[in-house]
Amino acid sequence: MLIREKVIAALERKREQFLSFRNEQRHQVEQVAEKLDAFLAHDRAAILQKLALAGLEWPGALPTAEFDQAERLRIPFDQSWNSHDAARAWAQPILQDAPVAAVDGSQIMPTKDIALPLGAVQIGWFINYHEPGGRYEKDVSFEVLAPGELVDEIGDPENEFPDWRVNQQRFVGECERLCALMGRFAAAPPPRPPLCFFDGSLVISFAGQLRPSRAESYLKSVQAMLDASRELRVPLAGFVDSSQSRDLVTLINHVVGPPHLSLSDGALLHWLLPAWGDRTPLFQCARLDILTQQQRAPFYKEIAFCYMRLTADRPPARIELPLWMVEEGRAEAALDLVRAECVIGAGYPYAIETADATAVIQQADRERFLALVQQFAEREGLAFGQARKLASKLTRRQ
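Reference entry: report on the structure contained in this document. The structure presented is a predicted model; accordingly, all values stated were derived computationally and were not measured.

Some thoughts on the environment of Glu320
- Along the polypeptide, Glu320 turns up in strand β9 (residues 317-322).
- When the C-alpha positions of Glu320 and Tyr136 are compared, they lie 25 Å apart, and in sequence the two are 184 residues distant.
- One polar contact links the side chain of Glu320 to the main-chain amide nitrogen of Leu202, over a distance of 2.6 Å.

In structure tokens form, the structure reads like this:
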């Protein structure tokens with residue numbers, strides 16, 4: 001139970017910290033215009049030369065040729081509408097006969113409520129072929145992780161909490177499914193180029209916080225997706241709705257110097273992309289993190305990114321594309337597909353929304369899963385055992 005008076009008192013105790021945060025944010029906003037003007041006084045060649053002279057291999061981001069075409073980091077979208085019906089009328093021919101696919105996952109973590117150690121991962125995928133007949137594909141795969149698959153080092157105290165293995169398998173499974181879908185599109189090319197969505201960032205700095213043996217699967221999975229996209233020539237897009245990345249801000253700080261900005265890219269760009277569909281020029285990712293410091297993620301430089309205004313009330317979304325798409329002039333068509341998907345999905349790609357709804361495992365699903373596990377365990381003579389509260393829930397729902 002939440003007690004209103006205690007919440008208010010807790011907030012009041014931290015009042016000064018919240019006010020200090022607000023004041024720092026205001027100071028940052030005041031600095032942005034000045035720092036941005038100084039940064040934009042450089043063209044692409046000058047920026048690259050300055051970085052080279054400083055010996056900066058990983059300055060956060062590197063400008064592509066689009067940089068010199070943008071006006072204050074803005075490439076305007078050349079369409080505007082007075083109604084959602086008009087927006088959908090624009091999106092329909094953009095999507096027509098262009099398959100859009102997305103993958104998402106859900107998981108069931110090991111629990112101490114039962115004696116049998118196990119977890120599960122469900123991967124859902126959705127393909128909208130955007131054909132006149134409305135053909136689509138929606139399906140899931142389901143994998144159980146048995147006791148031996150939840151550990152990797154005997155005697156490791158972290159193996160008492162093997163959630164990491166389930167999370168890892170979900171990530172790997174999503175990447176493998178996207179690679180399989182790209183293979184299908186390459187084997188039977190559709191009438192128009194498809195687009196495969198990865199729900200999240202391809203720049204996986206979080207893996208640098210993992211022990212190397214556990215991070216390796218994440219690194220190999222992203223590299224495999226990028227390789228498949230490049231070799232099969234199937235467009236891929238990572239979509240981050242609320243990114244806290246600072247790659248562009250880091251570049252600005254390197255070029256302009258102190259005092260450095262500390263806000264996120266999204267906060268920096270929130271007022272620079274005023275109209276729906278506006279985007280920044282594409283940048284090549286050059287993030288310096290633990291992985292690149294240790295030379296474990298060279299594929300970061302195979303990724304390009306931009307920010308795009310897709311809703312009025314949130315910062316621009318971050319869109320990531322394999323660099324080969326930029327080099328071959330295929331980025332803009334893919335970005336139009338992203339826009340069109342967000343028209344259909346009311347600000348979020350419809351394919352990703354549908355894949356998420358397909359993959360999600362609700363609480364009732366988890367309880368049904370445990371009931372099926374109990375039946376399996378009893379049939380096979382395996383110890384199951386369960387806490388009294390869980391047993392009561394399962395009994396009521398059978």
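Concerning the packing of helix α5 (residues 163-187) against helix α6 (residues 212-232)
- Two elements in contact, α5 and α6, have axes separated by 10 Å at closest approach and are oriented at 10 degrees. Viewed along their axes, α5 and α6 adopt a mutual orientation that is roughly parallel. Mapping the contact onto sequence places Trp164, Asn167, Gln168, Phe171, Val172, Cys175, Leu178, Cys179, Met182, Gly183 and Ala186 in α5 and Arg214, Ser217, Tyr218, Ser221, Val222, Ala224, Met225, Ala228, Ser229 and Leu232 in α6.
- Class assignment of the residues belonging to the contact of α5 with α6 gives a composition of 14 nonpolar, six polar and one charged.

Focus: the packing of aromatic side chains
- For the structure on display, the rule yields 19 aromatic pairs.
- Seen in terms of ring centroids, Phe67 and Phe283 are 6.1 Å apart; in terms of plane orientation they differ by 70 degrees. Their pairing is edge-to-face. Linking Phe67 in the loop between β1 (60-63) and α4 (84-95) with Phe283 in strand β7 (residues 283-286), this pair joins segments that are 216 residues apart in sequence. The burial state of Phe67 is the same as that of Phe283; both residues are buried.
- On the basis of an interplanar angle of 80 degrees and a centroid distance of 5.4 Å, the ring pair of Phe77 and Trp90 is categorised as edge-to-face. In this pair, Phe77 sits in the loop between β1 and α4 while Trp90 sits in helix α4, placing the two residues 13 residues apart along the sequence. Accessibility assignment for this pair places Phe77 and Trp90 in one class, buried.
- Through a chain of ring-to-ring contacts, three or more aromatic side chains come together here, namely Phe39, Phe67, Phe283, Phe305 and Tyr307.

Comments concerning the state of the cysteines
- Taken as a whole and assessed by the stated rule, the structure comprises zero disulfides.
- Here Cys175 stays free of any disulfide, with the sulfur of Cys179 as its closest cysteine sulfur at 6.9 Å.

Considerations on the sheet that holds strand β6 (residues 236-240)
- Taken in spatial order, the nine strands make up an open sheet running β1-β7-β8-β9-β6-β5-β2-β3-β4, and their pairing is mixed. A strand with exactly one partner marks an edge of an open sheet, and here the two such strands are β1 and β4 (136-145). Between one strand axis and the next, the sheet turns through 30 degrees on average, direction left out of account.
- Pairing of strand β8 (residues 303-308) with β9 involves six bridges; the strand directions are antiparallel. Bridge assignment links Ala304 to a residue of β9, and that residue is Leu321.
- Strands in contact with α5 are β2 (100-108), β3 (119-128), β4 and β5 (195-199); relative to β2, the strand with the most contacts, it is inclined by about 160 degrees.

Observations regarding the side chain of His130
- You can see His130 is positioned in the loop between β3 and β4.
- At 2.9 Å, the side chain of His130 and the backbone oxygen of Ala98 are in polar contact.

Brief notes about the pattern of salt bridges
- Within this structure, the stated rule accounts for 21 salt bridges.
- One salt bridge connects Arg230 with Glu231, and the closest N-O pair in it is separated by 3.7 Å.
- Assessed through its relative accessible area of 30%, Arg230 is described here as partly exposed.
- Take Glu231: its relative accessible area is 58%, and that puts it in the exposed class.
- One salt bridge connects Glu332 with Arg279, and the closest N-O pair in it is separated by 2.7 Å. One end of the pair, Glu332, is in helix α11 (residues 331-344); the other, Arg279, is in the loop between α8 (265-269) and β7, and 53 residues separate them in sequence.
- For Glu332, a relative accessible area of 35% corresponds to the partly exposed category.
- When its relative accessible area of 2% is taken as the criterion, Arg279 is described as buried.
- Through salt bridges with shared partners, a single network forms among Glu66, Arg279, Glu332, Asp336 and Arg339.

A look at the packing of α4 against α11
- At a minimum axis separation of 9 Å, α4 and α11 run at an interaxial angle of 135 degrees. Taken together, the axis directions place α4 and α11 in an arrangement best described as oblique. In this structure, the crossing between α4 and α11 has a hand that is left-handed. Seen from α4, the contacting residues are His84, Ala87, Arg88, Trp90, Ala91, Ile94 and Leu95; seen from α11, they are Asp336, Leu337, Arg339, Ala340, Glu341, Val343 and Ile344.

Parameters at a glance
- Residues numbered from 1 in each chain as written.
- Predicted model: local features only at pLDDT ≥ 70, side-chain atom pairs only at ≥ 80, totals over all residues.
- Heavy atoms only, no water.
- Helix = DSSP H or I, 4+ residues; strand = E, 2+ residues; numbered from the N terminus.
- Polar contact = N/O pair within 3.5 Å; in protein donor to acceptor, adjacent residues only side chain to side chain.
- Axes fitted to C-alpha atoms, helices over the stretch in contact; angles between N-to-C directions.
- Parallel < 35°, antiparallel > 145°, perpendicular 65-115°, else oblique.
- Contact = heavy atoms within 4.5 Å.
- Nonpolar A, V, L, I, M, F, W, Y, C, P; charged D, E, K, R; others polar.
- Phe/Tyr/Trp six-rings, centres within 6.5 Å; stacked < 30°, edge-to-face > 60°.
- Buried < 20%, exposed > 50% of the residue type's maximum accessible area, 1.4 Å probe, protein only.
- Disulfide = S-S within 2.5 Å.
- Pairing = 2+ DSSP bridges.
- Salt bridge = Lys/Arg side-chain N within 4 Å of Asp/Glu carboxyl O.
- Left-handed = near helix turned anticlockwise from the far one by under 90°.

All we've got here are geometric facts, nothing functional implied.
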